[in-house]
Amino acid sequence: PDLVGSMECIRIRIEAGELVERIQSKLKILQIACDQITESETLRSTLQMILAVGNVMNGGTARGGAVGFKISGTSDVDTKKPFAVSDNKLARIKSDVELPGLTSRTMLHFVARVLRKHGVDLDLLNLELNQVGVACTLSMEDIETDLEKLKKDAATVEEFRQDLEELEGEKLPGLFAFSAILKNKQNSTETMYEETVDLAQDTLRSFGEDFEDVDVRLGIWLTRLLCLVTTLGLADEENHMADLKQARKEKAELAKKRKEEADAKHGKAKGGDGQGQGEAGAPQSLGLMDSLLQQAKIRGRGAANAGANTDTYYDTSTTEAPSMGMSMHELAKHKSMKLRAANAGDGDSDDSESSDSDGDWEAE
C-alpha cells in the first residue's frame, strides 16, 4: 500500500504544476477578454450605432424605440469557425438603401457603411478585442473539470501524508511541504475561478444577458460577439471593394466621355479647313504649309488678273487685226514686221526709213 501511495504522489507532483498552469492561464484569458469587452469604447460606439439603425428600421412598430439589444441574438453560431457574412442575422435582412457596386444589399452592409461614415474603426475594434477570439474557444466546463481534478489530487496527497505519518509515527517534512504547496495552489486557483465567474456574470449582465441561461453560456456569448465583430469587418471590406469598383467604372466612363468630346472637336476642326478666310484672303485655321500654298495661289491669281487688265493697242492702218490682249511692246514688234514686208514688196522705202519707222514704233 505504501508503494502505491508513493507512486501516486510522484505522479501528482509531476503533473500538478502543469495542471495549475493550464487552469490559471485559461482563467486569465477569460478575465482579459471580459475587461477588453467592458472597456472598449469602439465596441460601445458600434453597438450604439447598430441600435440606432435598428430603431430607425423599426420606427412606428412595437420594436421601435428600443434601449438595447442582446448580442446573443445577432447570430445562431455556438462555436468558433471561419465566419461568413451570412452568419450574422443582419445579413439576412435586405436593405432598401442604394449601395452602389454591391450585388446584394443587406442591413449588415448598410450598418458597416454607417459605422465607417461616422468614424468607427472596425480594425481598431478587432485590436481592442484581440483576446475574445481566444477566449471563445475556452470552455468553462473544461476548466471546472480540471479544477475538480486538482482538488482530488490535493486531497490524495494530504490523505497519503497523514496515513504515512501515522504509520511511521513521525512527520515527513518533504511530503508535508508538498501537500501544503499543492493545497495553496488549489485555493488560489479556486479563488481565481470564482473571480472569473463573477467578472463574466457582470460582463454579461452589463450587456443584458443572463449567465445562468444555458443558451448564453460564456463561451457561446463570446463566440456570437466575435461573429458580430468579424462579419461587420467582412461587410466593411466588401463595401470597400465595391467602392473601388464603382470608382474605376466612373473613371472609365469619364475617360470615354472626354475622348468622345476630343474626337468630336477634332472632326469639326478638320471639316472647317479652307472655308474660313480673313478679309485679305488669308486662310484661317490652316497648317503652316497649307497657309503658304494658299497665299501663293492667291498671289498667282492676282498677277493673272493684273495681266488681263493691261492696255492694248490696235493699228487701224492694217487690215489684219492683232490678237486682243497684246502688250505695247508686242504691238510695236508686230507693226514693224508688217512694214518690212510691205517695203520689200514695193521697193520704194530704204533701210533708213525702215529704221526710222522701227524707232517711231518703239517710241510709241
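Note that the structure is a prediction, hence the values are computed from the model and not measured.

Caption draft 1: The arrangement of the overall build of the chain in detail. Of regular secondary structure, the chain possesses 11 helices and zero strands. Taking as baseline every contact in the chain between residues at least 6 positions apart, the subset at least 24 positions apart corresponds to 64%. Approximately 23,000 Å² of the chain is accessible, and the part contributed by carbon and sulfur atoms is 53%.

Caption draft 2: Expanded view of the pattern of salt bridges. Counted according to the given criterion, the structure contains 17 salt bridges. Measuring nitrogen to oxygen at the nearest pair gives 2.6 Å for the salt bridge that ties Arg11 to Glu8. Linking Arg11 with Glu8, this pair stays in helix H1 (residues 2-39), spanning three residues, or about one helical turn. The exposure class assigned to Glu8 is partly exposed, which follows from its relative accessible area of 30%. Between Asp146 and Arg22 there is a salt bridge whose closest N-O contact spans 3.2 Å. Within this pair, whereas Asp146 is found in helix H6 (residues 140-168), its partner Arg22 is found in helix H1, the two being separated by 124 residues in sequence. Given a relative accessible area of 12%, Asp146 falls into the buried group. Overall, the relative accessible area of 31% leaves Arg22 in the partly exposed class. Taken together, the shared-partner salt bridges connect Glu8, Arg11, Glu15, Lys149 and Asp153 into one network.

Caption draft 3: Structural view of the packing of aromatic side chains. Per the counting criterion, the structure on display carries one aromatic pair. A ring pair is formed by Phe207 and Trp221, whose centres lie 5.6 Å apart and whose planes are at 55°; its orientation type is tilted. Here Phe207 is found in the loop between helix H7 (173-206) and helix H8 (218-271), whereas its partner Trp221 is found in helix H8, with 14 residues between them in sequence. Considered together, Phe207 and Trp221 belong to a single accessibility category, that of buried residues.

Caption draft 4: A look at the nonpolar core. Ile37 and Leu222 are the most contacted members of the largest nonpolar core, which totals 63 residues. Listed by contribution, the elements that provide at least two residues to this core are H1, helix H2 (41-57), helix H3 (107-117), helix H4 (122-128), helix H5 (132-135), H6, H7 and H8. With residues up to four places along the chain from it excluded, the contact list for Leu222 reads Leu30, Ile37, Val132, Ala135 and Cys136.

Caption draft 5: How the structure looks around H3. By the burial criterion, the buried members of H3 are Met107, Leu108, His109, Val111, Ala112, Val114 and Leu115. Trailing H3 by a residue or two, Gly119 shows a phi angle of about 80°, which is positive.

Caption draft 6: Fine view of the packing of H1 against H6. Between H1 and H6, the least distance of the axes is 9 Å, while the angle of their chain directions is 150°. Comparing their axes, H6 and H1 come out roughly antiparallel. Crossing handedness for the pair H1 and H6: left-handed. Classifying every residue of the contact of H1 with H6 by side-chain character gives 15 nonpolar, three polar and 10 charged.

Caption draft 7: Structural context of the side chain of Thr74. With respect to the helices and strands, Thr74 occurs in the loop between H2 and H3. The class of Thr74 is buried, set by a relative accessible area of 11%. Within the structure, the side chain of Thr74 is placed 2.7 Å from the backbone oxygen of Ile71, a separation counted as a polar contact. Apart from residues lying up to four places away in sequence, Thr74 is in contact with Phe69, Asp87, Asn88, Lys89, Arg224 and Leu228.

Caption draft 8: Spatial organisation of the environment of Thr189. Within the secondary structure layout, Thr189 lies in helix H7. Along the chain, Thr189 and Gln24 lie 165 residues apart, while their C-alpha atoms are 6.4 Å from each other. Excluding anything up to four places from it in sequence, Thr189 contacts Val20, Ile23, Gln24, Leu27, Leu147 and Leu150.

Caption draft 9: Structural context of the packing of H2 against H3. H3 packs onto H2 with a crossing angle of 125° between their chain directions and a minimal axis gap of 10 Å. In this view, H2 runs oblique relative to H3, as classed from their interaxial angle. The way H2 lies across H3 gives a crossing that is right-handed. When H2 is examined against H3, the residues Thr46, Met49, Ile50, Val53 and Met57 are found in contact with a partner set consisting of Met107, Phe110, Val111, Val114 and Leu115. Taken together, the residues of the contact of H2 with H3 sort by class into nine nonpolar, one polar and no charged.

Caption draft 10: Geometry of the confidence of the model for the chain. Here the chain shows a mean pLDDT of 79. Residues at 70 or above account for 69%. Mean pLDDT across the elements of the chain ranges from a minimum in helix H11 (residues 351-363), with 42, to a maximum in H5, with 94. Per-residue pLDDT stays below 50 along residues 308-325; that stretch engages in 17 contacts with residues further than four places along the chain or on separate chains.

Caption draft 11: Expanded view of the side chain of Thr42. Residue position: Thr42 is located in helix H2. Within the local environment of Thr42, its side chain forms a polar contact with the side chain of Glu128, the two groups lying 3.0 Å apart. Once residues lying within four places of it in the same chain are set aside, the contact partners of Thr42 are Val120, Asp121, Leu124, Leu125 and Glu128.

Definitions and limits used
Residues numbered from 1 in each chain as written. Predicted model: local features only at pLDDT ≥ 70, side-chain atom pairs only at ≥ 80, totals over all residues. Heavy atoms only, no water. Helix = DSSP H or I, 4+ residues; strand = E, 2+ residues; numbered from the N terminus. Contact = heavy atoms within 4.5 Å. Areas by Shrake-Rupley, 256 points an atom, 1.4 Å probe, with all protein chains shown as cover. Salt bridge = Lys/Arg side-chain N within 4 Å of Asp/Glu carboxyl O. Buried < 20%, exposed > 50% of the residue type's maximum accessible area, 1.4 Å probe, protein only. Phe/Tyr/Trp six-rings, centres within 6.5 Å; stacked < 30°, edge-to-face > 60°. Core = buried A, V, L, I, M, F, W, Y, C linked by side-chain atoms within 4.5 Å. Axes fitted to C-alpha atoms, helices over the stretch in contact; angles between N-to-C directions. Parallel < 35°, antiparallel > 145°, perpendicular 65-115°, else oblique. Left-handed = near helix turned anticlockwise from the far one by under 90°. Nonpolar A, V, L, I, M, F, W, Y, C, P; charged D, E, K, R; others polar. Polar contact = N/O pair within 3.5 Å; in protein donor to acceptor, adjacent residues only side chain to side chain. pLDDT = per-residue confidence, 0-100.

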